[in-house]
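# Coordinate analysis (summary)
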Amino acid sequence: MKGNEIMDNKELCYMLDLDPDTVEDVNITRKDEKYVFSIVMKRQTYECPECHSSHVNIKANKSKKLVGAQFNNCPSIYMIHFKRLCCRDCGSSFYDHVPLADETTKIARVTQLHILEDLKPFNSVFASVARKYDISTTKVISLFDENVQVKRHPLPRILLIDEFYFQRHSQQKYAFVMMNFENKVIVDIIKSRWQNVLSDYFYSIDAEKGKGEKREKEKVEFVCSDLYEPYRSIIATYFKNATYLVDHFHVVKLVNDQLNNTRKREMRKHSDDRQSKEYRLLKFRYKLLMQYGPTVDIETYRFDSILGCHCVNKTVLDEILSISDDIKAFYDVKEAFMALDDIDEKSAAEHDLEKELNEIINRFHQLGTKEGVSISKTLKSWKREYLNSFTWVNGRRISNGPLEGKNNYIKKILSNANGYRNFNRARNKIMFSQNLHNEYDSGFSDLYIVDKILNSRKQKAK
């Protein structure tokens with residue numbers, strides 16, 4: 001394909017990150033499963049960079065090979081033809097301006113932009129992007145490290161905090177993550193959830209603020225976390241103006257876990273006869289115990305192989321509850337707790353939540369089992385933080401749900417890469433991938449392709 005055919009199509013020049021007015025000719029050939037773009041630039045009015053003389057001679061023709069963007073789903077190479085020049089007045093030698101890339105790199109700027117775009121999805125990995133452009137994984141990693149350095153976002157009005165498992169090779173195995181509840185933006189990721197690390201981090205946020213200035217931590221109104229004791233100490237120290245609440249989903253899970261422990265304890269009593277109805281029901285139908293009672297199916301009949309008849313799930317549940325008094329008693333209190341936790345914003349104002357919670361705590365304690373006593377102690381210890389969780393903002397109850405969703409993607413990012421040893425690289429990859437508005441340096445070019453790609457992302461974000 002000749003340049004005259006292409007120059008009528010300015011989109012191709014924009015795809016190459018070139019100004020059509022500066023291009024003399026473009027030839028495209030196919031070689032070794034790659035497209036080769038041979039680009040000849042128009043002659044310019046040269047000026048010596050030393051003495052600024054216009055008396056310049058062409059000394060030699062040079063060419064430079066650059067890694068190009070994909071073309072027709074194949075890798076490409078840009079061959080840029082330029083000139084070596086010599087000043088007749090001062091004798092200095094210099095090169096003509098080489099478009100598409102800086103002098104120190106062999107990857108075109110537009111290709112760098114595409115590489116970074118390909119690294120944006122959570123399931124992308126450095127190795128697969130490197131294969132796509134037929135370059136080394138090391139080059140892709142280097143490009144990412146140079147251009148993606150995500151800064152910490154300001155602390156939000158409603159702050160969610162949690163941790164995720166980072167790697168087993170480090171002494172600090174769990175990383176700490178913060179999120180804005182209202183816009184689901186990851187605020188920052190810290191290498192450890194250890195109390196001394198978090199203390200140093202939060203202390204440094206407002207360390208340089210002058211007297212009378214509004215401190216960033218003072219703007220935080222709510223902080224939500226799981227039931228990890230060191231978080232309570234950190235929040236009490238550094239977020240004195242904020243209301244601390246625990247994620248109610250974690251509390252529900254804790255109650256269900258203790259019910260499950262009761263179920264296992266009772267199941268072991270029937271382990272001598274593993275074909276018995278009691279053992280098989282407790283072994284294979286236990287998930288019905290974890291369901292909230294009103295959600296258990298009471299209409300659809302299915303054949304149950306353990307009971308040997310067609311029945312609804314409610315019938316199976318009743319059979320399980322008849323096996324053990326301890327299970328039945330714990331299940332009844334669990335249902336009372338679930339009913340309290342399921343209260344909506346409108347009904348919450350009509351209930352004495354603290355009184356009802358105290359009654360539930362007493363009922364757990366009166367069960368007399370180790371599971372009941374354990375959960376009663378935990379609820380009593382975290383009572384104030386749990387009652388604070390009955391807080392709604394714009395119709396949404398504050399919880400760690402959005403952050404738990406992000407944690408699932410974080411686990412996929414780490415799993416797809418078979419783990420990261422470099423924490424800063426992992427942090428930048430997670431925040432770059434999961435925060436839609438996080439950008440890299442878009443100064444690669446001021447031509448059409450950059451605007452097109454970035455505008456496309458903004459439209460998707462909306």
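Quick note: structure is the one above.
Description of the structure in this document. (Residues numbered from 1 in each chain as written. Predicted model: local features only at pLDDT ≥ 70, side-chain atom pairs only at ≥ 80, totals over all residues. Heavy atoms only, no water.)

## So, the packing of helix 4 (residues 126–133) against helix 5 (residues 137–147)
When two helices pack together, their arrangement is given by the angle between the helix axes and by the axis-to-axis distance. Selection rule: The angle between two axes is taken between their N-to-C directions and runs from 0 to 180 degrees, where each axis is a line fitted to C-alpha atoms and a helix contributes only its stretch in contact. Helix and strand assignments come from DSSP, with helices taken as H or I runs of at least 4 residues and strands as E runs of at least 2, each series counted from the N terminus. Here the word oblique covers every angle except those under 35 degrees (roughly parallel), over 145 (roughly antiparallel) and from 65 to 115 (roughly perpendicular). Crossings are sorted by hand: turned counterclockwise from the far helix by less than a right angle, the near helix makes the crossing left-handed, and turned clockwise it makes it right-handed. Two residues form a contact once any of their heavy atoms are found within 4.5 Å. Ten residues, namely Ala, Val, Leu, Ile, Met, Phe, Trp, Tyr, Cys and Pro, are considered nonpolar, four, namely Asp, Glu, Lys and Arg, are considered charged, and the remaining ones, Gly among them, are considered polar.
Across the interface, helix 4 lies against helix 5 with an axial gap of 8 Å and an inter-helix angle of 110°. The angle between the axes of helix 4 and helix 5 places the two elements in the roughly perpendicular class. Along this stretch, helix 4 crosses helix 5, giving a crossing that reads as right-handed. Each of Phe 126, Ala 127, Val 129 and Ala 130 in helix 4 lies in contact with helix 5, whose residues at this interface are Thr 137, Val 140, Ile 141 and Phe 144. A per-class count over the contact of helix 4 with helix 5 returns seven nonpolar, one polar and no charged.

## Focus: the packing of helix 3 (residues 109–118) against helix 4
Running from N to C, helix 3 and helix 4 point in directions that differ by 145°, and their axes come no closer than 10 Å. In this structure, the crossing between helix 3 and helix 4 has a hand that is right-handed. For the pair helix 3 and helix 4, contact is made by Thr 111, His 114, Ile 115 and Asp 118 and by Val 129, Lys 132 and Tyr 133, respectively. Classifying every residue of the contact of helix 3 with helix 4 gives three nonpolar, two polar and two charged.

## Points about the pairing of strand 7 (residues 174–180)
Threshold: Note on exposure labels: buried denotes an accessible area under 20% of the residue type's maximum, exposed denotes more than 50%, and partly exposed covers the range between, all computed with a 1.4 Å probe on protein chains only. At least two DSSP bridges between two strands are required for those strands to pair.
Among the seven residues in strand 7, six count as buried, and that is most of the element. When strand 6 (residues 158–165) meets strand 7, the two strands line up antiparallel, connected through seven bridges. From the neighbouring strand, Asp 162 faces strand 7, where its bridge partner is Val 177. Direction of pairing for strand 7 relative to strand 8 (residues 186–190): antiparallel, over a ladder of four bridges. The partner of Val 177 across the bridge, within strand 8, is Ile 189.

## Overview of the nonpolar core
What counts, and what does not: The criterion is simple. A nonpolar core is a set of buried Ala, Val, Leu, Ile, Met, Phe, Trp, Tyr and Cys residues joined through side-chain atoms within 4.5 Å.
Membership of the largest hydrophobic core comes to 62 residues, with the highest contact counts inside it found for Met 178, Phe 202, Val 223, Phe 239 and Leu 289. At seven residues, the largest contribution of residues to this core is made by helix 12 (residues 325–341). Among residues more than four places away in sequence, those in contact with Met 178 are Leu 155, Leu 159, Leu 160, Ile 161, Val 185, Ile 186, Val 187, Asp 188, Ile 190, Tyr 201 and Phe 202. Counting residues in each nonpolar core, the second largest holds 40 residues, with Val 67, Leu 143, Leu 414 and Ile 430 among its members.

## Notes on the pattern of salt bridges
For clarity, the cut-off: We define a salt bridge as a side-chain nitrogen of Lys or Arg found within 4 Å of a carboxyl oxygen belonging to Asp or Glu.
Under the counting rule described, the total for this entry stands at 25 salt bridges. A salt bridge links Lys 383 to Glu 354, with the nearest nitrogen and oxygen atoms 3.8 Å apart. Pair noted here: Lys 383 is in helix 16 (residues 383–388) and Glu 354 is in helix 14 (residues 353–366), with a separation of 29 residues, a long-range link. Take Glu 354: its relative accessible area is 34%, and that puts it in the partly exposed class.

## Section: helix 17 (residues 401–416)
Spelled out, the test is: To estimate how far a helix should reach, multiply one less than its number of residues by 1.5 Å. Our arc is simply the arc of the directions from the helix axis toward the C-beta atoms.
In a regular helix each residue adds 1.5 Å, so 16 residues correspond to 22 Å; helix 17 covers 23 Å between its end C-alpha atoms and thus fits that length. Of all the residues in helix 17, the buried ones are Pro 402, Leu 403, Lys 406, Asn 407, Ile 410, Ile 413 and Leu 414. For helix 17, the arc enclosing every buried residue in end-on projection is 135°, short of the 170-degree limit, so these residues lie on one face. Considering only its buried residues, helix 17 is in contact with strand 6, strand 7, strand 14 (396–397) and helix 18 (423–434). Asn 418 occupies a position one or two residues after helix 17 and carries a positive phi of about 55°.

## What about the environment of Lys 283?
Among the structural elements, Lys 283 can be located in helix 9 (residues 277–284). Separated by 20 residues in the primary sequence, Lys 283 and Arg 263 place their C-alpha atoms 8.8 Å from one another. Sequence-distant contacts of Lys 283, defined by excluding residues within four places in its chain, comprise Arg 263 and Met 267.

## Quick word on the packing of aromatic side chains
Put simply, the rule reads: Stacked, edge-to-face and tilted are the three classes for Phe, Tyr and Trp ring pairs, Trp counted by its six-membered ring, which pair at centre distances within 6.5 Å; planes under 30 degrees apart are stacked, over 60 edge-to-face, the rest tilted. Put simply, a charge is over a ring when the Lys NZ or the Arg CZ is close to the ring centre, within 6 Å, and near the line of the ring normal, within 35 degrees.
With the rule as written, the count across this model stands at 20 aromatic pairs. Arranged with centres 5.6 Å apart and planes meeting at 65°, the rings of Phe 176 and Tyr 231 form a pair that is edge-to-face. One end of the pair, Phe 176, is in strand 7; the other, Tyr 231, is in helix 7 (residues 229–238), and 55 residues separate them in sequence. Owing to a relative accessible area of 1%, Phe 176 belongs among the buried residues under this scheme. Residues Tyr 228 and Tyr 231 carry aromatic rings whose centres are separated by 4.7 Å and whose planes lie at 75° to one another, so their mutual orientation is edge-to-face. When its relative accessible area of 1% is taken as the criterion, Tyr 231 is described as buried. Within the aromatic cluster, the residues linked to one another by ring pairs are Phe 176, Tyr 201, Phe 202, Tyr 228, Tyr 231, Tyr 238 and Phe 239. The ring of Phe 181 has Arg 396 lying over it, and the distance from NZ or CZ to the ring centre is 4.1 Å. When the ring centre of Phe 390 is taken as origin, the NZ or CZ atom of Arg 397, which lies over that ring, is 4.1 Å away.

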